[in-house]
Amino acid sequence: MSGRCSCCNVKLSEYELTLKHAITLEYMDTCMKCLQGLNIPTIGREDLNQYEVDDDEYDAMDNQENDDDF
Ligand SMILES: [Zn+2]
């Protein structure tokens, strides 16, 4: 493991380093930017995932609605 993306050579984050291919279970050694373009199914440590923030987005929308009431 080089610690860098095998595609664009950018330094990988802790989460990206733990990312594995969902089927082969091999370490990806690839950054999120490159993975998104490749559309490869991956599994990673969710506690390190800074990229999928769907829940946070819903919370933000709720907060905005509350702000309108004030
Ligand atoms: Zn990359």
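Structure first, text after, so check above.
Throughout what follows, the structure given in this document is the object of discussion.

Parameters and conventions
Residues numbered from 1 in each chain as written. Predicted model: local features only at pLDDT ≥ 70, side-chain atom pairs only at ≥ 80, totals over all residues. Helix = DSSP H or I, 4+ residues; strand = E, 2+ residues; numbered from the N terminus. Buried ≥ 20, exposed ≤ 12 C-beta atoms within 10 Å, placed from the backbone. Contact = placed C-beta atoms within 7 Å.

Looking now at the overall build of the protein. Helix and strand counts for the protein stand at three helices and two strands. The linear arrangement of helices and strands in the protein, starting from the amino end, is α-β-α-β-α. Taking all 70 residues of the protein together, 13% fall into the buried category. For the protein, long-range pairs separated by at least 24 residues make up 40% of all intrachain contacts whose partners lie at least 6 apart in sequence.

Most peptide bonds are trans, and most residues other than glycine sit at a negative phi. The backbone of Leu25 shows a phi angle near 60 degrees, a positive value even though the residue is not glycine. Within the fold, Leu25 resides in the loop between β1 (20-21) and α2 (32-38). Given 8 C-beta atoms within a 10 Å radius, Leu25 is considered exposed. Despite not being glycine, Asn39 shows a phi value in the positive range, around 60 degrees. Assignment of secondary structure puts Asn39 in the loop between α2 and β2 (42-43).

What follows is about the environment of Leu17. Its location among the elements puts Leu17 in helix α1 (residues 14-18). Each C-alpha atom of the pair Leu17 and Cys31 lies 8.3 Å from the other, and the pair is 14 residues apart in sequence. Residues contacting Leu17, with those up to four places away along its chain left out, are Gly3 and Leu12.

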